[in-house]
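Below are the chains, spelled out letter by letter.
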Amino acid sequence: MSYILEHSHILLGGETDLDKALLLDKLPAKTSYSKLEYGQQVVSAFCSLPDEAPILTVGNKLERIEGLLMQLLAKISKENQDSGTSPYNQMPVFWLLPELSHQPLPNQEKPDEENQHLLVWGGRLKKTFPSLFNHELSQFFPFGRAALPMALTSMAELLNGHVVEGGGESGTKAKVPGVCFIAVDSLYHELNALAREKQLITAECDSGIVPSEGAIFTCIKPANQQGIAIDLLAQESTSIHQRSLGVESLFLKVSQELAGQEEKVTHLYLPGNGDETLSQPWLDAYLRLAPCLEERASITQSALFTGELGCVTGLYNLLHLYNGFEQQELVGKVVQLEQSQSLYQGLALYSWQETESNQQPS
């Protein structure tokens, strides 16, 4: 099965126009700054929100994310008014979220800790954005940067026929036309902590990450003609000290999937934001891909030109590579590896499927 992406909207700290956002790797880089609590300026890429607080200590991450979503939904609502339809009325919404705890809320000693629990986030999001929870099959994927490959796995199962519980002995298949994806994250309230860990670019240090934020919406539907094919989806969960082994396992699955095939991997989307600890695991495991790589396979590390987007990275990368296929800038097989901050790794292998009339005879 191949898929198309429709109704896409982007709100990034570095760019809010969809077409320009997908060309950030080709456009001149913009540099913006944020001022820390003690006056130092650091390179960053944050959105301008209507009620933005003048200091970073006001509000919290969840409130910031609600503000980003409101601005994104305003863009979507304008499209709905123009077309007269809403893309998420008949489709489940899959939420790609930062790494959040699934455990029941304990007695909190620090109120801020509550904001990292899925129970709190889910309740707040449902209350603030009820129209995005109309469909009973909507789901949360609180797995940080690795959320997208996990959500794609659930999407593929759903679009190939979901068995609804209570539908008789054999169940009933609930057909849906597609799945809407929302990814949202922000490092706005983590600036001071990142500065204390000396991870930011300052006047004294020219290396580090560029903290950013963003929200992305898109709908993924089965394609009637040409579209993107997902040839492989795989996930691993490993400790920080075993990340290289997890990535090695994922790369080995790609090599096994493509063993004996003429078509090779021509492009890779790999983690990289200026922090060496994010890229080291795939550097250690890279040789596992050697048998299935084109001689001149290229690599994209999108956080180097978008800023660090957290869990939004995966969906941005998917839109970026989808646009690359559409523009015929990408051919062959494309690997996307996403790695969360602490536990999860996910991988997707893509190719582009043309219409039957455009396919070459075998």
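Everything here concerns the structure above.
Residues numbered from 1 in each chain as written. Predicted model: local features only at pLDDT ≥ 70, side-chain atom pairs only at ≥ 80, totals over all residues. Heavy atoms only, no water.

Things to note about the overall build of the protein
Counting its secondary structure elements, the protein contains nine helices and 14 strands. Relative to its full complement of 362 residues, the protein shows a buried share of 51%. In the protein, once contacts between residues fewer than 6 apart in sequence are set aside, the share between residues at least 24 apart is 75%. With an accessible surface of roughly 17800 Å², the protein has 48% of that area assigned to carbon and sulfur atoms. (Helix = DSSP H or I, 4+ residues; strand = E, 2+ residues; numbered from the N terminus. Buried < 20%, exposed > 50% of the residue type's maximum accessible area, 1.4 Å probe, protein only. Contact = heavy atoms within 4.5 Å. Areas by Shrake-Rupley, 256 points an atom, 1.4 Å probe, with all protein chains shown as cover.)

What about the pairing of strand E3 (residues 41-44)?
One ladder, built from four bridges, connects strand E2 (residues 32-35) with E3; its direction is antiparallel. Opposite Tyr-33, over in E3, you have Val-43 as the bridge partner. Hairpin remark: E2 followed by E3, antiparallel, with five residues in the connecting loop; positive phi at Gly-39, about 100°. (Pairing = 2+ DSSP bridges.)

Some thoughts on the sheet that holds strand E9 (residues 213-222)
Overall, mixed pairing links the ten strands, which are arranged E5-E4-E8-E9-E1-E10-E14-E13-E11-E12 in an open sheet. Of all the strands in the sheet, the pair left with one neighbour each is strand E5 (139-141) and strand E12 (293-300). The sheet shows a mean angle of 25° between the axes of neighbouring strands, taken without regard to direction. In terms of strand pairing, strand E4 (residues 93-96) meets strand E8 (residues 179-186) through four bridges, oriented parallel. Paired with Phe-94 across the two strands is Phe-181, which belongs to E8. Most of the contacts of helix H6 (residues 243-257) go to strand E10 (residues 227-237), to which it runs at about 145°, and overall it touches E10, strand E11 (265-269), strand E13 (333-339) and strand E14 (344-353). (Axes fitted to C-alpha atoms, helices over the stretch in contact; angles between N-to-C directions.)

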